[in-house]
Amino acid sequence: PFSRNPEWTLPGGKPQLFATSMPQSGGALGLLVESHMGRPTKVEGNPEHPASLGATDTTAQAATLSLYDPDRSHSVLKAGQIQTWEDFQEALCSELDGIETVQGEGLAVLVGEVLSPTMQRMLRRLAEEMPRAKVHSWYPIHRDNARAGAELAFGRDVSQCHRLEKARVVLSLDADLLGCGADSVRNARGFAQARRVRETTENIGRLYAVESSVTITGAAADERLALRPSQVEGFARALARTLGIEVEAPELDEEMRPFLQAVAKDLRTHTHSSLVMAGAWQSPVVHALTHAINFALGNVGDTVEYRAPIAYGNRAVTESLTELTADIRAEKVRVLAILGGNPVYDAPVDLEFREALLEVPFRFHLALHEDETSQLCHWHLPQAHFLESWGDVSAHDGTASFIQPLIAPLYGGRSEIEILSALLGEPGKKGYDLVRETWQARFDGEDFEAFWANSLHEGLVADSQRAPLELTPRSAIAYGDPPKPSIGIELALRPDANVFDGRFANNGWLQETPRPLTRLVWDNAALISPSTAKALDVESGDVVELALGSHRLEAPVWVTPNHPNETVSLHLGYGRTKGGNLGEGVGVNAYTLRTTYGCWSGNNLTVTSTGRSYELATVQKHPDMEGRDIVRVQTFDRFKHPHDAGDHGHHDVSELSMYPGHENEGYAWGMIIDLNACIGCNSCMVACQSENNVPIVGKQEVAIGREMHWLRIDRYYEGEGEEQKTLHQPVPCMHCEEAPCEVVCPVGATVHSDEGLNEMVYNRCVGTRYCSNNCPYKVRRFNFYHYADYETESLKLGNNPDVTIRSRGVMEKCTYCVQRINHGRIEAKKEDRTLTDGEVQTACQSSCPTQAISFGNLNDPQSQVTALRKEPHHYALLEELGTKPRTTYLGKVTNPNPDLEPS
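Topic: the environment of Thr217
Part 1 of the argument: Checked against the element boundaries, Thr217 lands in helix H7 (residues 216-220).
Part 2 of the argument: When its relative accessible area of 0% is taken as the criterion, Thr217 is described as buried.
Part 3 of the argument: Considered as a pair, Thr217 and Glu90 are 127 residues apart in the sequence and their alpha carbons are 51 Å apart.
Part 4 of the argument: Discounting residues that sit within four places of it in the chain, Thr217 has contacts with Ser172, Ala175, Asp176, Leu177, Leu178, Gly179, Leu207 and Ala209.

Shown next as structure tokens:
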């Protein structure tokens, strides 16, 4: 508690919301962060921000846990010994004294992806004051191929802004447009808007996916083609030539031709309303062809816009890091400042950056954790988390937003701009002053203070987006010769859906959130298709040696349906050796197979079985619905023209019941989940964990079925053979009106509220687990051990004070975020009114980027949930059991191309 309470806070009162932004790869995600008495506890999306549109992703939801991570760096270290900031500043000034006399020669600064206007201003100032100093960039999830493709097509680099909500036909050329990255939330919202199905819907969008691994984008696609990484460029060339673009193209395999013809026909039919997107890991030629196709189809200005790039720098980051490494070996670098990032861990292995770094006479590293790079530097500096520092950052379209701290730095950390200020000879400047300087210089008006206050309140600078560029592709583009067929098995390297490039490896929420398709936790694995597994004579859990040239790595195998044959996918971000107790020793380090010439893929991969096995933990071992209609699916054609009553019908469930009835005269809370909008991104799972203080249990407990998530997303496969349809279904507590769990509890711990909630009274629970045995949906979780952390001081700060911390021997489950319902009810009562529809949002609902979850009062005839229950594709899960769940679903409606479907 505060010893002197600030005047705007009220203990136990309504939490405050502050606008800020989270820097992400490729842009910023605008956030509203909930603060309880000066403690940020929950992250929401800022509805005014163009990248978040009111939603978030898993990494944003887990940001509070990263803030309170007890493994974060606490002190300035010199050779492992605790020092002060003053000690570091004195040492730095001593080194810079000799450099400044020769215009900065010998100084090198290594930065990550610079999206901050303030940091860009300071780097330009550094170039002016020290023209011989060099600034280099490196970040592993880079866009070097996209940059090269734009330069090939236009002669300059550009940034793309996609409008999926306007696109009726979308083709993904190995682009995980719904997966990780700053654009994924906005893309998911647009994708869902174009495919939302109601009884009055006349048409919906269609998504084609050509991909070299398995992604949630491919899982959501109406039509999907699995190709090896090297085959995607050949497909793109053939498509472009079919659409009238002059380019050399190879002869496609017979199984690719029908897909190509169907896609080309559909794209031609939807000029100005189609969209082709290329993945960051595809070649520059694929990116250039994507630009040419979109121009040829008239999509530019409608479904795609071009703007000036928002990141600092005018060259490829791989080239930049290569130059820095060469300069170090040539003894041209005397002082190296590494601001963020972890190049010792994630730099291309052929550069041997680790060995080169040791040759620098004075090197220091700013980082959240003492990691692999910090270990090899003379000085390690604790970095401030974005929730405890001042800054600014640009979104995908150039919209600027401020990073506003919600708490003072827990461990005295400094931000990148504050360290850069020290390099410029102004060590005492705070981030707040540096950001204000930037915007005072840019502000064109009379009242800067009003502009500043309004921008902080709204979370962004109004009208700061960059104007669209008017571009035309070059008349003659040198696409070169088609790639030659690859030899042997290929390797595909991809960012992980949760830990991304490794920066979130120490976040327990993200480690324990199942990967969207494999359902694995606390590990990565070498993903292969069933056919490839059979050819190699291996099965899931077998350890193989992967050899790419002289580089070798051992990894366990995970057999994955829908995966391209003769291809191995491996996700980055694991195999950490330093950087936090939770992340160290988890998984294998895929960066050991990554080179400057093969950042995303490699040919002629040798896969050899070691004869050993490794235990992989997954939360779902059975992917088949066994003929039951758990996830109901139909095509849009059948939805609009049902062939029989069974298409839209429901089970005839008898009203006779031995359960006591319940009457709800006031509020009757219910939830509807639209399976056509759900993409399985897991944002709702982490949001629920953050809101409700759900603990992690660790890999071994998950392996024996003891995960604690109140909400899970089941993944099913439908169909036969190598290519199967992937289906996702979020499953929280059903809040049954006739709940099987309630009648078997011997102590009345699980009870029915007068508003229809199935509630848990924790103090009554004695752990018989009868309720869990009697629940047909398996949504109740039991604390077998003391999973909650009662000891770590920093972790206590992140708990939601409105939700009880559960202990050992207690059953727990989804509560429809009853604390939020109570907050809303109290506010409505003070104003002498009833709650309005949408006024109360559950944590899962507010985080969902596709707006797949609706929650409200079923007794309100005007509420959204009441209207959705009247839709023809509405149904209840296992409704034949007569439990009358309050959580129900809208079935999935697909839009396959008739030319590609069997008659």
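Some words on the packing of aromatic side chains
Part 1 of the argument: Following the criterion strictly, the structure yields 28 aromatic pairs and no others.
Part 2 of the argument: Relative to Phe364, the ring of Phe362 lies with its centre 6.3 Å away and its plane at 65°, an arrangement referred to as edge-to-face.
Part 3 of the argument: In this structure Phe362 comes out as buried when scored by relative accessible area, which is 6%.
Part 4 of the argument: Here the aromatic rings of Phe448 and Phe451 are separated by 5.8 Å at their centres, their planes lie at 45°, and the arrangement is tilted.

A short note on the pattern of salt bridges
Part 1 of the argument: Summed over all chains, the structure comprises 50 salt bridges.
Part 2 of the argument: As a salt-bridge pair, Arg198 and Asp674 come within 3.4 Å of each other at their nearest N and O atoms. Here Asp674 lies in strand E28 (residues 669-674) and Arg198 lies in the loop between helix H6 (184-195) and strand E10 (206-211), a separation of 476 residues in the sequence.
Part 3 of the argument: By relative accessible area, Asp674 is classed as buried at 4%.
Part 4 of the argument: The shortest N-O distance in the salt bridge between Glu352 and Arg329 comes to 3.8 Å.

Quick notes on the packing of helix H15 (residues 416-423) against helix H16 (residues 431-442)
Part 1 of the argument: As a packed pair, H15 and H16 sit with axes 9 Å apart at the nearest point and diverge in direction by 85°. Relative to H16, the element H15 lies roughly perpendicular. Judged by residue contacts, Ile417, Glu418 and Ser421 of H15 engage Gly431, Leu434 and Val435 from H16.
Part 2 of the argument: Looking at the contact of H15 with H16 residue by residue, the class counts come to 3 nonpolar, 2 polar and 1 charged.

Structural notes on helix H4 (residues 117-129)
Part 1 of the argument: Here H4 spans 18 Å end to end across 13 residues, near enough to the 18 Å set by a 1.5 Å rise per residue.
Part 2 of the argument: The complete set of buried residues in H4 reads Pro117, Thr118, Met119, Gln120, Met122, Leu123 and Leu126.
Part 3 of the argument: The secondary structure elements touched by the buried residues of H4 are strand E6 (107-111), strand E7 (134-137), strand E14 (335-339), strand E17 (391-394), H15 and H16.
Part 4 of the argument: Residue Ser116 occupies the N-cap position of H4, its side-chain oxygen lying 3.3 Å from the main-chain nitrogen of Thr118.

Re the pairing of strand E9 (residues 169-173)
Part 1 of the argument: With 5 of its 5 residues buried, E9 lies for the most part within the structure.
Part 2 of the argument: Burial of E9 is two-sided: the residues Val169, Leu171 and Leu173 facing one way and the residues Val170 and Ser172 facing the other way are all buried.
Part 3 of the argument: Alignment of E9 against E10, held across 5 bridges, turns out to be parallel. By the bridge assignment for E10, Leu171 is matched with Tyr208.

Criteria and cut-off values
Residues numbered from 1 in each chain as written. Predicted model: local features only at pLDDT ≥ 70, side-chain atom pairs only at ≥ 80, totals over all residues. Heavy atoms only, no water. Helix = DSSP H or I, 4+ residues; strand = E, 2+ residues; numbered from the N terminus. Buried < 20%, exposed > 50% of the residue type's maximum accessible area, 1.4 Å probe, protein only. Contact = heavy atoms within 4.5 Å. Phe/Tyr/Trp six-rings, centres within 6.5 Å; stacked < 30°, edge-to-face > 60°. Salt bridge = Lys/Arg side-chain N within 4 Å of Asp/Glu carboxyl O. Axes fitted to C-alpha atoms, helices over the stretch in contact; angles between N-to-C directions. Parallel < 35°, antiparallel > 145°, perpendicular 65-115°, else oblique. Nonpolar A, V, L, I, M, F, W, Y, C, P; charged D, E, K, R; others polar. Expected span 1.5 Å × (residues − 1). Polar contact = N/O pair within 3.5 Å; in protein donor to acceptor, adjacent residues only side chain to side chain. Pairing = 2+ DSSP bridges.

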